There are 2 protein chains.
Amino acid sequence: MAQTNASRSNPVRGKKNARALLLSAASELMRERDSLNFTLSDIAERASVNSALVKYYFGNKVGLQWALLERDLTTAITELQELVKLDMHVVKKMRHHLAGLIQLYFRYPYLNRLVIYTMRGSSEEDAQKLSDQFFKPICDAYETLINEGVRGGVFKPVDPKLFYFTAIGSCDQIFSAKFVLKYVYNIDDITDDLKHSFIDSTLKIIMEGLEV
Amino acid sequence: MAQTNASRSNPVRGKKNARALLLSAASELMRERDSLNFTLSDIAERASVNSALVKYYFGNKVGLQWALLERDLTTAITELQELVKLDMHVVKKMRHHLAGLIQLYFRYPYLNRLVIYTMRGSSEEDAQKLSDQFFKPICDAYETLINEGVRGGVFKPVDPKLFYFTAIGSCDQIFSAKFVLKYVYNIDDITDDLKHSFIDSTLKIIMEGLEV
């Protein structure tokens, strides 16, 4: 962990980066354990950061989860919004998005579980905020893409809000239920090769199913 | 709750059915709360059953989860295995299965989350048992169906183990992330009509994507 070494050798820079280090530590722990279970001390220890700073930066575990969702999802959502606006064939845009979604889950395999877990642990008010920040922009993008494809005669007239679940679910499940690979097929990890096979397989089914 | 009333009015029958009443109570609570969070006392109270019986029948919460998976999944898996053997066109069999899977999740919306949660909380040995009991038979059935369809020239040559995740994920996500309907679309519940639209939409995409 280069960053941790940097924080050790340079306390000023380390302090400045403590927030980012804590987020990386939480992200790494969830990947390694294939689980959302970690304590605030676990991540303080992993990041070599004083555990008091966890409370300072995030308040509590939910605050940290939210910050991690912002770190992992905000760029992806902005990229999706840019993609929607591109002067590119809508079929290519949707293919690009679905492949990117699998790449995103490959990088952060806990992501869909984390957003579901955080929503379920939130008050109505916070759940609405989370939804406005993370779900609504994605749903809006799907609506624009599907409508564009339907108008152009290349997509079937599917309901965009139902397509949202088809897309997210089919791209995520291999990461949320990775243990099926292990216990049924003796496959311990999702390698780069397996990821690419999964992208091919998913695009073949979902895109050709969506296209007229 | 007719069963609970029966247990109140007829203590002998009630005692005999206490195990089933506790499972129903857990199932109902998870549906109503749209959450896997319940305590053993919650369900004993809901079932009007002495809470000591929860320990007697299930040992602990994991034991109860396992029993509930057996109650909810065993019949569905047997039906899938019967379906695979039927003298019926393989496209019709797969359509029938996917529609049935959505019906199953509609009835027990917590099911996929519960099996994932139980796996993640299990020892390696128990996870292997759970997998042999619940995942392997489904994966085997998918392999048989896909191979039959590919040999018959009606399915694309997709990898059955990857198709497993596409199918489960695309059928489940609307139930695992139901709150997206609420917070983005102001839709409070998955009605029978919405379920049927979702079955139509999912079959249109997944089946037409799978077919040559």
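Residues numbered from 1 in each chain as written. Chains lettered and ligands numbered in written order. Predicted model: local features only at pLDDT ≥ 70, side-chain atom pairs only at ≥ 80, totals over all residues. Heavy atoms only, no water.

Caption draft 1: The arrangement of the layout of surface pockets in detail. In this structure, the largest pocket spans a volume of roughly 1,200 Å³. Around the largest pocket sit 46 residues that line it, and Leu36(A), Arg113(A), Ile116(B), Tyr117(B) and Arg120(B) are the ones nearest its centre. Going through the elements one at a time, helix H5 (61-85), helix H7 (111-120), helix H9 (160-176) and helix H10 (179-185) of chain A together with helix H6 (61-85), helix H8 (111-120), helix H9 (124-151) and helix H10 (160-176) of chain B are the ones with two or more residues in the lining of the largest pocket. Of all the elements, H8(B) adds the most residues to the lining of the largest pocket, at seven residues. Considered class by class, the residues forming the lining of the largest pocket number 14 nonpolar, 18 polar and 14 charged. (1 Å grid on protein atoms, 1.4 Å probe; cavity = no way out; pocket = protein on both sides within 12 Å on 5 of 7 lines; lining within 4 Å. Points joined across faces, edges and corners; volume = space filled by probe spheres on them. Helix = DSSP H or I, 4+ residues; strand = E, 2+ residues; numbered from the N terminus. Nonpolar A, V, L, I, M, F, W, Y, C, P; charged D, E, K, R; others polar.)

Caption draft 2: Main features of the interface of chain A and chain B. With 49 residues of chain A at the contact, the number on the chain B side is 49 residues. Summed over both partners, the interface of chain A with chain B comes to about 4,500 Å²; 69% of that surface belongs to carbon and sulfur atoms. Counting across the chain A and chain B interface gives six salt bridges. The salt bridge partner of Arg120(B) is Asp34(A), with a shortest N-O separation of 3.3 Å. Our count for the contact surface shared by chain A and chain B stands at twelve residue pairs in polar contact (both at pLDDT 80 or more). Those elements giving two or more residues to the side of chain A that touches chain B turn out to be H7, helix H8 (124-151), H9, H10 and helix H11 (192-210) of chain A. It is H9(A) that provides the largest number of residues to the side of chain A that touches chain B, a total of 13 residues. Split by residue class, the side of chain A that touches chain B holds 26 nonpolar, twelve polar and eleven charged. (Contact = heavy atoms within 4.5 Å. Buried area = accessible area lost by both parts, 1.4 Å probe. Salt bridge = Lys/Arg side-chain N within 4 Å of Asp/Glu carboxyl O. Polar contact = N/O pair within 3.5 Å; in protein donor to acceptor, adjacent residues only side chain to side chain.)

Caption draft 3: Up close: the nonpolar core. Among the nonpolar cores identified, the biggest contains 158 residues, and Phe163(A) and Phe163(B) are the most heavily contacted of them. With near-sequence residues (within four places) excluded, Phe163(A) lies in contact with Met94(A), Tyr142(A), Ile146(A), Val158(A), Ile206(A), Leu210(A) and Ile205(B). (Core = buried A, V, L, I, M, F, W, Y, C linked by side-chain atoms within 4.5 Å. Buried < 20%, exposed > 50% of the residue type's maximum accessible area, 1.4 Å probe, protein only.)

Caption draft 4: Representation of the relation of the copies chain A and chain B in the model. Aligned on chain B, chain A shows an RMSD of 0.0 Å; the corresponding rotation is 180° and the shift along the axis is 0.0 Å. Seen this way, the second copy is the image of the first under a two-fold rotation axis. Here 100% of the contact residues of chain A are again contact residues in chain B; the copies associate through an equivalent surface. (Least-squares fit on C-alpha atoms with pLDDT ≥ 70 in both.)

Caption draft 5: How the structure looks around the packing of H7(A) against H8(A). Residues and elements named next belong to chain A. Where H7 meets H8, the closest approach of the two axes is 9 Å, and the angle between their N-to-C directions is 155°. The angle between H7 and H8 places the two elements in the roughly antiparallel class. Pair H7 / H8 crosses with left-handed handedness. Of H8, the residues touching H7 (which contributes Val 115, Thr 118 and Met 119) are Ala 127, Leu 130, Ser 131 and Phe 135. Class assignment for the residues of the contact of H7 with H8 results in five nonpolar, two polar and no charged. (Axes fitted to C-alpha atoms, helices over the stretch in contact; angles between N-to-C directions. Parallel < 35°, antiparallel > 145°, perpendicular 65-115°, else oblique. Left-handed = near helix turned anticlockwise from the far one by under 90°.)

Caption draft 6: Fine view of the pattern of salt bridges. All told, the structure shown has 28 salt bridges over all chains when counted by the stated rule. Two residues, Asp72(A) and Arg71(A), come together in a salt bridge whose shortest N-O distance is 2.7 Å. Judged by relative accessible area, Asp72(A) falls into the buried class, the value being 3%. You can call Arg71(A) partly exposed: its relative accessible area is 30%. A salt bridge links Asp34(B) to Arg113(B); the nearest nitrogen and oxygen atoms lie 3.6 Å apart. Of this pair, Asp34(B) sits in the loop between helix H3 (18-33) and helix H4 (40-46) while Arg113(B) sits in helix H8, and the two are 79 residues apart along the sequence. Several salt bridges converge on common partners, so that one network encompasses Glu28(A), Glu32(A) and Arg46(A).

Caption draft 7: Structural view of the state of the cysteines. This structure, assessed with the given rule, holds zero disulfides over all chains. We note that Cys139(A) lacks a disulfide partner, and the nearest cysteine sulfur, in Cys171(A), lies 14 Å from it. Cys139(A) sits in the buried class, given a relative accessible area of 1%. Looking at Cys171(B), it has no disulfide partner, and the nearest cysteine sulfur is the one in Cys171(A), 14 Å off. (Disulfide = S-S within 2.5 Å.)

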